[in-house]
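A structural walkthrough
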Amino acid sequence: MTQTSPNGSQDPSGGYKRSAFGHGWDDADGDCQDSRAEALIAQSTTKVRFAGESRCRALTGRWISPFTGKVIQNSSDIDIDHVVPLKWAWDQGASDWAREKREQFANDPVNLWPVEAGFSKDQHRIGKALLL
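So, how was this worked out
- Residues numbered from 1 in each chain as written.
- Predicted model: local features only at pLDDT ≥ 70, side-chain atom pairs only at ≥ 80, totals over all residues.
- Heavy atoms only, no water.
- Helix = DSSP H or I, 4+ residues; strand = E, 2+ residues; numbered from the N terminus.
- Buried < 20%, exposed > 50% of the residue type's maximum accessible area, 1.4 Å probe, protein only.
- Contact = heavy atoms within 4.5 Å.
- Core = buried A, V, L, I, M, F, W, Y, C linked by side-chain atoms within 4.5 Å.
- Disulfide = S-S within 2.5 Å.
- Pairing = 2+ DSSP bridges.

Turning our eyes to something else, we now look at the overall build of the protein chain. In terms of helices and strands, the protein chain carries 4 helices and 7 strands. Helices and strands appear in the protein chain in the N-to-C order β-β-α-β-β-β-β-α-α-β-α. Counting only residues that meet the buried cut, the protein chain has 32% of its 132 residues in that class. The contacts of the protein chain with a sequence gap of at least 6 include a subset with a gap of at least 24, amounting to 54%.

In structure tokens:
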């Protein structure tokens, strides 16, 4: 979706900005584990080891990339990606949602999955092609 900006130039992003979905991972339940940590915990196929007794940050576990089947054991080697890309959601109507609803969507555990670091950016290009 291309929109025209107030100065008359075309905006191919349709007004989309990642920041419209919040800044970073949310800790909605206040347990110190943000939505990234909660996605890692929920999707590890083994017990997760944490950075400290507070159990706020996941260090290791066992995650399987949904795209390549690669097994990843170090959380620093993982990006959390959105099953439904935020830009796509924006173009399909999330631009009309209240900011709070967009933040909830961006942090919804059903819409998050671990992929190997760096793969996320390539996946968005692939996903965009599949959605066309």
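This brings us to unusual backbone geometry. Phi is positive for Cys32, which is not a glycine, with a value near 80 degrees. Considering the arrangement of structural elements, one finds Cys32 in the loop between strand S2 (10–11) and helix H1 (35–43). By relative accessible area, Cys32 is classed as partly exposed at 32%. At Arg55, a residue that is not glycine, the phi angle is positive and equals roughly 60 degrees. Position of Arg55 relative to the elements: it lies in the loop between strand S3 (49–50) and strand S4 (58–64).

Our focus in this paragraph is the nonpolar core. Listed in full, the 10 residues of the largest apolar core are Ala39, Leu40, Val48, Phe50, Ala58, Trp63, Ile72, Ile78, Ile80 and Leu112. Listing elements by their share of this core, those giving two or more residues are H1, S4 and strand S6 (78–82). Setting aside its immediate chain neighbours within four residues, Ile78 contacts Arg36, Leu40, Trp63, Ile72, Pro114, Val115 and Ala117. By size, the runner-up hydrophobic cluster in this structure holds 9 residues, among which are Ala20, Leu86, Ala89 and Phe105.

In this section: the state of the cysteines. Counting across every chain of the model gives 1 disulfide. In this model, Cys32 is linked to Cys56 through a disulfide, with the two sulfur atoms separated by 1.9 Å. Taking the sign of the torsion about the S-S bond as the criterion, the disulfide between Cys32 and Cys56, at about -110 degrees, is left-handed. Taken as a pair, Cys32 in the loop between S2 and H1 and Cys56 in the loop between S3 and S4 lie far apart in primary sequence, 24 residues in all.

What the 3 strands build is an open sheet, ordered S3-S4-S5; its pairing is antiparallel. Whereas interior strands pair on both sides, the edge strands pair on one side only; in this sheet they are S3 and strand S5 (71–74).

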